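Given next are the chains, with one letter for each unit.
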Amino acid sequence: MKNLIYLIRPHHYIKNIFILLPLFFSGQFTNTDQLLNGLIAFAAFSLSASAIYIFNDYKDINYDRKHPKKRNRPLASDLIKKNTAIFLMITLLIIGFLLMGSVNKDSLIVLTIYVLLNILYSLKLKRIALLDITIIAIGFVLRLFAGSFSYNVTLEISIVIMTFLLALFLALAKRRDDVLIFNQSGTKTRKSMDGYNLQLIDGNILVMSAIIIVAYLQYTTTFEIIEKFDNENLYLTSLFVIFGIMRYLQITFVEKKSGSPTEVILKDKIMQINLILWILSFVWIIYY
């Protein structure tokens, strides 16, 4: 059971919180009917994502066995049989599609696009440098659209842009960890490694971090957003965004522990406190 849980990677479900962001930013998070649809979409996306993780692990067994951490994954270490993994993958995918279909057709279409895109990613596209991280970022944007369709809330362009940029930022930091492993051991943990080096990644990380901060400041100071929430104090929440970016840069460049953004969020106390304060500040401004 422990290996099966490790295989489906439930700790990565935190990424699917993005499904609920459009509802949160719309100021309608207390609407129980809409929230229920969002939670169903969250569950559907999570189960489907687990199926994709299994498929990706199945395709990457040989590469994972060369990775200092990924070689301990259930399939790479032969702790789970391939047939068992395939059966579980199909089961999770079916349940995920059934759940999303119970919400509405548009959300189901988004989930279908997400699954097909990730299958193509696992089969071929992840071998192409820069395109691989772009597809990862698109996946987060698709989560936003799945959420907005599930509870019929208009998705603001600013939220889409900031999500895409943030996902690129995190994916670049993750690739940096792979480059460091390659430089130290000479082992290629990804097929796209030939298209990356530290200069390229570091430059792009700094550019993305700057654009994210500017985009967020622009969002919080836009007249339409101020008028929408009837509050001029939204810009104050940018303090937590700026600090969060700086902390992640510290984790990436100083501590060199950016290999898994999910683990950073789940284990780094500073990031957790900062994220909670950001959420609370937004709750206070939007809902009170």
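Above this note sits the structure.
Remember, it's a predicted structure, so these values are computed and weren't measured experimentally. Here the residue numbers are simple positions, counted from 1 along each chain's written sequence. Local features in this predicted model are restricted to residues of pLDDT 70 or higher, and side-chain atom pairs are both shown and tallied only at a pLDDT of 80 or more, whereas totals for entire chains, interfaces and linings draw on every residue. Side-chain figures throughout are based on the complete set of non-hydrogen atoms in the structure, without hydrogens or water.

Student: Please give an account of the overall build of the chain that cites residues and values.
Tutor: Labels follow the DSSP assignment, with helices taken as runs of H or I lasting at least four residues and strands as runs of E lasting at least two, numbered in each case from the N terminus. Summing up its helical and strand segments, the chain has 13 helices and 0 strands in all. In the chain, the order of α-helices and β-strands from amino to carboxyl end is α-α-α-α-α-α-α-α-α-α-α-α-α. Just to be clear, the radius of gyration here is over C-alpha atoms, and the globule rule we use is 2.2 Å times residues to the power 0.38. For the chain, whose C-alpha radius of gyration is 19 Å, the value lies close to the compact-globule estimate of 19 Å for 288 residues. Taken over the C-alpha atoms alone, the chain extends approximately 55 × 45 × 30 Å along its principal axes. Under the scheme applied here, a residue whose accessible area is under 20% of the maximum for its type counts as buried, over 50% as exposed, and between as partly exposed, the area being computed with a 1.4 Å probe on protein chains only. Expressed as a percentage of its 288 residues, the buried residues of the chain come to 48%. When contacts within the chain are restricted to residue pairs at least 6 apart in sequence, those whose partners lie at least 24 apart make up 71%. Note on areas: Shrake-Rupley with a 1.4 Å probe; residue coverage comes only from the protein chains shown. Per element, the accessible surface of the chain, about 14,500 Å² overall, is 65% carbon and sulfur. Charge counting follows a simple rule: Lys and Arg are positive, Asp and Glu are negative, and His as well as the terminal groups are ignored. Taken as the charge location is NZ of Lys, CZ of Arg, CG of Asp or CD of Glu. Each charge class in the chain can be summarised by its mean position, and for the 29 positive and 19 negative side chains these summaries are 13 Å apart. Residue contacts are counted whenever heavy atoms from the two residues lie within 4.5 Å of one another.

Student: Can you tell me about the nonpolar core, naming the residues and giving the values?
Tutor: In this structure, Phe25, Leu144, Phe169, Ile205, Tyr219 and Phe282 are the most contacted members of the largest nonpolar core, which totals 45 residues. Every element with two or more residues in this core is listed here: α2 (21-26), α7 (131-150), α8 (157-185), α9 (198-221), α10 (223-229), α11 (238-255) and α13 (269-287). Among the elements that line this core, the one with the most residues is α8, at 11 residues. Excluding residues within four positions of it along the chain, isoleucine 205 makes contact with Phe169, Leu172, Ala173, Arg176, Leu249, Thr252 and Phe253. Ala49, Ile52, Leu111 and Leu117 belong to the second-largest nonpolar core, a separate cluster that totals 17 residues. What is meant by a nonpolar core is a set of buried Ala, Val, Leu, Ile, Met, Phe, Trp, Tyr and Cys residues, joined one to another through side-chain atoms within 4.5 Å.

Student: Break down α9 for me, citing the residues and quoting the values.
Tutor: Multiplying one less than the number of residues by 1.5 Å gives the expected span of a helix. Over its 24 residues, α9 extends 35 Å from the first C-alpha to the last, a length consistent with the 34 Å expected when each residue adds 1.5 Å. What α9 keeps buried is the set Ile201, Asp202, Ile205, Met208, Ser209, Ile212, Ile213, Ala215, Tyr216, Tyr219 and Thr220. Residues of α9 that are buried sit in contact with α2, α8, α10, α11 and α13.

Student: Break down the environment of leucine 99 for me, with residues and values.
Tutor: Along the polypeptide, leucine 99 turns up in helix α5 (residues 82-103). Residue leucine 99 is classed as partly exposed on the basis of its relative accessible area, which comes to 28%. Not counting chain neighbours up to four residues away, the residues in contact with leucine 99 comprise Ile40, Ala43, Ala44 and Leu47.

Student: So, the side chain of arginine 73: which residues are in play, and what are the values?
Tutor: Secondary-structure assignment places arginine 73 in the loop between α4 (61-64) and α5. Under the relative-accessibility criterion, arginine 73 is labelled buried at 14%. Excluding its chain neighbours within four sequence positions, the residues that come into contact with arginine 73 are Tyr6, Arg9, Asp57 and Asp64.

Student: Tell me about a negative patch on the surface, residues and numbers included.
Tutor: To count toward a patch, a residue needs a relative accessible area above 30% and no salt bridge. Like charges then connect within 9 Å, nonpolar side chains (Val, Leu, Ile, Met, Phe, Trp, Tyr) within 5 Å. The salt bridge criterion pairs a side-chain nitrogen of Lys or Arg with a carboxyl oxygen of Asp or Glu, the two atoms within 4 Å. On the surface, a cluster of negative charge is contributed by Glu224, Glu227, Asp230 and Glu232. Position of glutamate 227 relative to the elements: it lies in helix α10. The class of glutamate 227 is exposed, set by a relative accessible area of 53%.

Student: Now, about the pattern of salt bridges: what can you tell me, with residues and values included?
Tutor: This model, assessed by the stated rule, comprises 9 salt bridges. In this structure, arginine 247 and glutamate 255 form a salt bridge, with 3.0 Å as the shortest nitrogen-oxygen distance. Its relative accessible area of 32% is what places glutamate 255 among the partly exposed residues. With its nearest N and O atoms 2.5 Å apart, the salt bridge here joins arginine 247 to aspartate 268. Of this pair, arginine 247 sits in helix α11 while aspartate 268 is found in the loop between α12 (261-267) and α13, placing the two residues 21 residues apart along the sequence. The exposure class of aspartate 268 is buried, given its relative accessible area of 13%.

Student: Would you mind going over the packing of α7 against α8 in detail, with residue names and values included?
Tutor: Two quantities define a packed helix pair, namely the angle between the axes and the distance from one axis to the other. Simply put, an axis is a line fit to the C-alpha atoms, just over the touching stretch for a helix, and the angle between two N-to-C directions goes from 0 to 180 degrees. At a closest axis distance of 8 Å, the pairing of α7 and α8 adopts a crossing angle of 140°. As α7 packs across α8, the resulting crossing turns out to be right-handed. On α8, the residues that touch Asp132, Ile133, Thr134, Ile136, Ala137, Ile138, Phe140, Val141, Leu144 and Phe145 of α7 are Ile159, Val160, Thr163, Phe164, Ala167, Leu168, Ala171, Leu172 and Arg175. Each residue gets one label: Ala, Val, Leu, Ile, Met, Phe, Trp, Tyr, Cys and Pro are nonpolar, Asp, Glu, Lys and Arg are charged, and the others, such as Gly, are polar. Taken together, the residues that form the contact of α7 with α8 break down as 15 nonpolar, 2 polar and 2 charged. Two helices that cross are described as forming a left-handed crossing if the nearer one is turned anticlockwise from the farther one by less than a right angle, and a right-handed crossing if clockwise.

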